[in-house]
Amino acid sequence: MVDLKQVTKIFHRGTANERRALENIDLHLEDGEFVTVIGSNGAGKSTMLNAIAGVWPIDSGTITLDGVDISSMPEHKRASLLGRVFQDPMTGTAADMQIIENLALAARRGKKRRLAWQYSPIEKEDYKLLLATLGLGLEDRLNAKVGLLSGGQRQALTLLMATLQQPRLLLLDEHTAALDPKTAQKVLEITDQIVIENHLTALMVTHNMNDAIRHGNRLVMMNGGKIIFDCRGEEKKKLTVEDLMEKFAQSAGSELASDRALLG
């Protein structure tokens with residue numbers, strides 16, 4: 001489904017501030033894999049997601065999605081292939097528009113739109129059913145402005161919008177980091193539900209090692225722009241936070257006093 005081969009990204013090349021954010025990254029994702037990505041600040045996690053999304057061009061290597069080389073494809077063209085949820089709950093929705101209007105826009109993503117458009121009664125019923133699956137009562141608030149929702153409600157809505165058209169790849173960039181622990185867990189439960197039920201391929205960056213272990217079927221650890229640990233299946237199920245700290249110490253060549261040292 002997704003192939004990164006020898007992907008390198010260097011910021012401020014040739015200056016005193018030169019930084020190799022990604023260094024010869026190789027990563028292959030199978031169809032339907034849910035991969036959690038963890039690492040310290042500056043490890044290259046978000047840079048990798050931004051490179052896949054086309055936020056900036058890579059310096060070398062290739063990025064292939066569903067058999068198509070998208071390395072040089074502009075960001076707006078990749079948008080029809082990708083779903084993305086950001087850390088800030090305010091990103092990804094239109095605050096001054098109603099919930100139903102936001103969903104209707106998401107449903108028309110990549111399609112030709114006119115200045116005048118409206119949703120049909122059938123669409124409205126479909127949206128109500130979709131919102132009901134979130135278990136947040138939003139199905140009864142279709143005409144509410146999105147700006148009035150809580151951070152968790154808004155992030156759950158953003159998740160729904162990002163996956164409404166079955167993206168080839170879902171990118172989750174610390175999408176629960178700005179939420180309180182209880183709300184974050186609810187959003188992660190909804191994430192699991194949406195990814196599994198729709199058989200989506202997903203990459204989720206997180207700073208929480210417990211979340212990285214609990215969610216997804218594969219875990220990747222990054223440091224210094226490189227992938228230093230990659231596990232899946234039964235090996236991942238048996239992982240503990242202590243195991244991750246030890247793996248980091250072995251691979252990065254440095255000791256960790258606690259998980260907070262890894263998480264920055």
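Residues numbered from 1 in each chain as written. Predicted model: local features only at pLDDT ≥ 70, side-chain atom pairs only at ≥ 80, totals over all residues. Heavy atoms only, no water.

K.L.:
Can you help me understand helix H6 (residues 181–197) in this one?
P.N.:
Residues that lie three or four places apart on an α-helix share one face, since the helix turns once every 3.6 residues. Between its terminal C-alpha atoms H6 stretches 24 Å, which fits the 24 Å expected from 17 residues at 1.5 Å a residue. Turning to H6, its buried residues are Ala184, Val187, Leu188, Ile190, Thr191, Asp192, Ile194 and Val195. On its buried face, H6 is in contact with strand E3 (34–39), helix H5 (151–163), strand E7 (169–173), strand E8 (202–205) and helix H7 (209–214). At the N-terminal boundary of H6, the capping side chain belongs to aspartate 180, with an oxygen 3.2 Å from the backbone nitrogen of lysine 182. Downstream of H6 by one or two residues, histidine 199 has phi in the positive range, about 50°. (Helix = DSSP H or I, 4+ residues; strand = E, 2+ residues; numbered from the N terminus. Expected span 1.5 Å × (residues − 1). Buried < 20%, exposed > 50% of the residue type's maximum accessible area, 1.4 Å probe, protein only. Contact = heavy atoms within 4.5 Å. Polar contact = N/O pair within 3.5 Å; in protein donor to acceptor, adjacent residues only side chain to side chain.)

K.L.:
I keep staring at the sheet that holds strand E9 (residues 218–223) and nothing clicks. Help me out?
P.N.:
As a general point, the strands of a sheet are linked pairwise by backbone hydrogen bonds and lie either parallel or antiparallel. With respect to topology, 6 strands assemble into an open sheet ordered E6-E7-E8-E3-E9-E10, the strand pairing being mixed. Edge positions in the sheet fall to strand E6 (82–85) and strand E10 (226–232), since each has one partner strand and no second. If you compare each strand with its neighbour and ignore which way they point, the axes differ by 15° on average. Together, E3, E7 and E8 form the strand contacts of H6, whose direction differs from that of E3 by roughly 140°. (Pairing = 2+ DSSP bridges. Axes fitted to C-alpha atoms, helices over the stretch in contact; angles between N-to-C directions.)

K.L.:
Where do I start with unusual backbone geometry in this structure?
P.N.:
Residues apart from glycine generally show negative phi values, whereas peptide bonds are mostly found in trans. In the Ramachandran plot, asparagine 24 falls in the positive-phi region, its phi being about 50° despite a non-glycine side chain. Mapping asparagine 24 onto the fold places it in strand E2 (residues 19–29). With a phi angle near 50°, glutamine 166 is a residue other than glycine that sits in the positive phi range. By the secondary structure assignment, glutamine 166 is in the loop between H5 and E7. Residue class for glutamine 166 comes out partly exposed when judged on its relative accessible area of 38%.

K.L.:
Got a minute to help me understand the packing of helix H3 (residues 99–107) against helix H4 (residues 121–132) in this structure?
P.N.:
To characterise two packed helices, one gives the angle between the axes of the helices and the distance between these axes. Remark: H3 packs on H4, axes separated minimally by 11 Å, with the N-to-C direction vectors making an angle of 100°. When the axis of H3 is compared with that of H4, the two are roughly perpendicular. Between H3 and H4, the contacting residues are Ile99, Ile100, Leu103, Ala104 and Ala107 on the first element and Lys124, Tyr127 and Leu131 on the second. A per-class count over the contact of H3 with H4 returns 7 nonpolar, no polar and 1 charged. (Parallel < 35°, antiparallel > 145°, perpendicular 65-115°, else oblique. Nonpolar A, V, L, I, M, F, W, Y, C, P; charged D, E, K, R; others polar.)

K.L.:
Teacher, can you tell me more about the pattern of salt bridges here?
P.N.:
Think of it this way: side chains of opposite charge can pair up when their charged atoms draw near. Scanning all chains against the criterion turns up 10 salt bridges. Linking glutamate 33 and arginine 218 is a salt bridge whose minimum nitrogen-to-oxygen distance equals 2.9 Å. Taken together, the residues glutamate 33 in the loop between E2 and E3 and arginine 218 in strand E9 connect sequence positions 185 residues apart. Just as glutamate 33 is buried, arginine 218 falls in that class too. Aspartate 211 is the salt-bridge partner of arginine 214, the closest N and O atoms lying 3.4 Å from each other. Placement of the pair is arginine 214 and aspartate 211 together in helix H7, with a separation of 3 residues, close to one helical turn. (Salt bridge = Lys/Arg side-chain N within 4 Å of Asp/Glu carboxyl O.)

K.L.:
What is the right way to read the nonpolar core from this model?
P.N.:
Here is a general trend for soluble globular proteins: nonpolar side chains tend to be buried in one another's company. Among the nonpolar cores identified, the biggest contains 34 residues, and Ile99, Leu103, Leu131, Leu157, Leu159 and Leu170 are the most heavily contacted of them. Elements represented by at least two residues in this core include exactly H3, H4, H5, E7, H6 and E8. If we ignore the near neighbours within four places in the chain, the residues touching leucine 159 are Val85, Leu170, Leu172, His175, Val187, Ile190, Thr191 and Ile194. Residues Leu22, Leu49, Ala53 and Leu169 belong to the second largest nonpolar core, which totals 27 residues. (Core = buried A, V, L, I, M, F, W, Y, C linked by side-chain atoms within 4.5 Å.)

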